[in-house]
Amino acid sequence: MSWVRAWRAGLVPFDELADEIAADEEHLVADAPGTWTDVPLPQGLPLFAKLHPDDIRLVLPAPGDPRGLPGPGELTGAALLAGEAVMTPAFGVVPQVRQHTSGSGVEFETVLWRFFGVDDHRPVFQMGAAEAEAELTHALGETTAQLTKLDVAQWKPELAGALQALRRPESTATLPPGFDPRARRLFARASVLDQVLALAGTNSPGGAINGYEAQQRDAALRPLMSACRQALVAACNSPLHA
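Residues numbered from 1 in each chain as written. Predicted model: local features only at pLDDT ≥ 70, side-chain atom pairs only at ≥ 80, totals over all residues. Heavy atoms only, no water.

**Here we look at the pattern of salt bridges**
Move 1: Across all of its chains, the model carries eight salt bridges by this definition.
Move 2: A salt bridge links Arg114 to Asp31; its shortest N-O distance comes to 2.6 Å. Here Asp31 lies in the loop between strand E1 (26-30) and strand E2 (39-40) and Arg114 lies in strand E6 (residues 107-117), a separation of 83 residues in the sequence.
Move 3: According to the relative accessible area criterion, Arg114 is partly exposed, its value standing at 28%.
Move 4: Looking at Asp31, the relative accessible area reads 45%, which means it is partly exposed.
Move 5: As a salt-bridge pair, Arg185 and Glu133 come within 2.9 Å of each other at their nearest N and O atoms. One end of the pair, Arg185, is in helix H8 (residues 181-200); the other, Glu133, is in helix H5 (residues 129-149), with 52 residues separating them in the sequence.
Move 6: By relative accessible area, which is 33% here, Arg185 ends up partly exposed. (Salt bridge = Lys/Arg side-chain N within 4 Å of Asp/Glu carboxyl O. Helix = DSSP H or I, 4+ residues; strand = E, 2+ residues; numbered from the N terminus. Buried < 20%, exposed > 50% of the residue type's maximum accessible area, 1.4 Å probe, protein only.)

**Topic: the sheet that holds strand E4 (residues 85-87)**
Move 1: Within the open sheet, the six strands sit side by side as E2-E1-E6-E5-E4-E3. Their pairing is mixed. Each of the sheet's edge strands pairs with one partner strand only, and the pair in question is E2 and strand E3 (57-59).
Move 2: As defined by bridge partners, E3 adjoins E4 across three bridges and the pair is classed as antiparallel. Residue Arg57 lies in a different strand from E4, and its bridge partner there is Met87.
Move 3: Contacting E4, strand E5 (91-101) and E6, helix H4 (residues 74-82) runs over the sheet at an angle of about 45 degrees to E5. (Pairing = 2+ DSSP bridges. Contact = heavy atoms within 4.5 Å. Axes fitted to C-alpha atoms, helices over the stretch in contact; angles between N-to-C directions.)

**A word on the packing of aromatic side chains**
Move 1: Tallying each qualifying case throughout the model produces three aromatic pairs.
Move 2: Between Phe48 and Phe91 the ring centres are 5.2 Å apart and the planes differ by 65 degrees, which places this aromatic pair in the edge-to-face class. Taken as a pair, Phe48 in the loop between helix H3 (41-44) and E3 and Phe91 in strand E5 lie far apart in primary sequence, 43 residues in all.
Move 3: When its relative accessible area of 3% is taken as the criterion, Phe48 is described as buried.
Move 4: By the ring-pair criterion, three or more aromatic residues cluster together here, those being Phe48, Phe91 and Phe115.
Move 5: The side chain of Arg8 reaches across the aromatic face of Trp7, ending 5.1 Å from its centre. (Phe/Tyr/Trp six-rings, centres within 6.5 Å; stacked < 30°, edge-to-face > 60°. Lys NZ or Arg CZ within 6 Å of the ring centre and 35° of its normal.)

**Section: H5**
Move 1: A rise of 1.5 Å per residue sets the reference length of H5, with its 21 residues, at 30 Å; its end C-alpha atoms lie 30 Å apart and thus fit the reference within 8%.
Move 2: For H5, the full list of buried residues reads Ala129, Ala132, Glu133, Leu136, Ala139, Leu140, Thr143, Thr144 and Leu147. End-on view of H5: buried residues confined to an arc of 135 degrees, all on one side of the axis. The exposed set on the far side of H5, more than 90 degrees from its buried face, consists of His138 and Lys149.
Move 3: Just past H5, the residue Asp151 takes up positive phi, approximately 60 degrees. (Expected span 1.5 Å × (residues − 1). Arc of directions from axis to C-beta.)

**Some remarks on the layout of surface pockets**
Move 1: The volume enclosed by the largest pocket comes to roughly 1000 Å³.
Move 2: Taken together, 34 residues make up the lining of the largest pocket; nearest its centre are Leu58, Leu60, Glu84, Asp194 and Leu232.
Move 3: Element by element, the count of residues in the lining of the largest pocket is highest for helix H9 (residues 211-236), at seven residues.
Move 4: Looking at the lining of the largest pocket residue by residue, the class counts come to 21 nonpolar, seven polar and six charged.
Move 5: A volume near 270 Å³ is recorded for the second largest pocket. (1 Å grid on protein atoms, 1.4 Å probe; cavity = no way out; pocket = protein on both sides within 12 Å on 5 of 7 lines; lining within 4 Å. Points joined across faces, edges and corners; volume = space filled by probe spheres on them. Nonpolar A, V, L, I, M, F, W, Y, C, P; charged D, E, K, R; others polar.)

Given below as structure tokens:
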């Protein structure tokens, strides 16, 4: 929801907001106050209209790491299941990806953002972009060393090469206006790394990795996955500048 924050800071017009968020997918909002059915994303976005940009926070939770969420409840359970939420002091929204098949057999997805009310929620800790960048760099070095010991290049050479290429990515143009160069660099790096980690989590075709090796791989990748999530959160939640 970095685009929503930029809108609330006056840096992005509302007319462009839904298209920037949804791209080519259909996005709907469910259970929003004042509605009785699912509504298109442009009708749900005014929920954020009275909020300061700093009150809109991305959260990327994982089992055992619910940072940024309120206590146990329906919202926290849904966010942990989705691995994502947008939190404000008064409510949270959690995406739910739904699979569909058209009458002609074409498969497609829609995203349903479900609304949950909360009572004056305030995150207790927010990692800054500089700290998150340092942690990501450290985790990347440690993970690369561990995967070298596991001889990952033998059973997944594309993963080893991708991790090395991530040390100095060039793109910084992935966030809306208002984010500083450090946040842009961090977001670009963590976004590419997130794709690499998705690649790393799959077994090679033909059984090139056995169960024990998969456990070792997962253990090596776990700290990097956590650092990657926190880097994305820190970048998207970083202060905005006119």
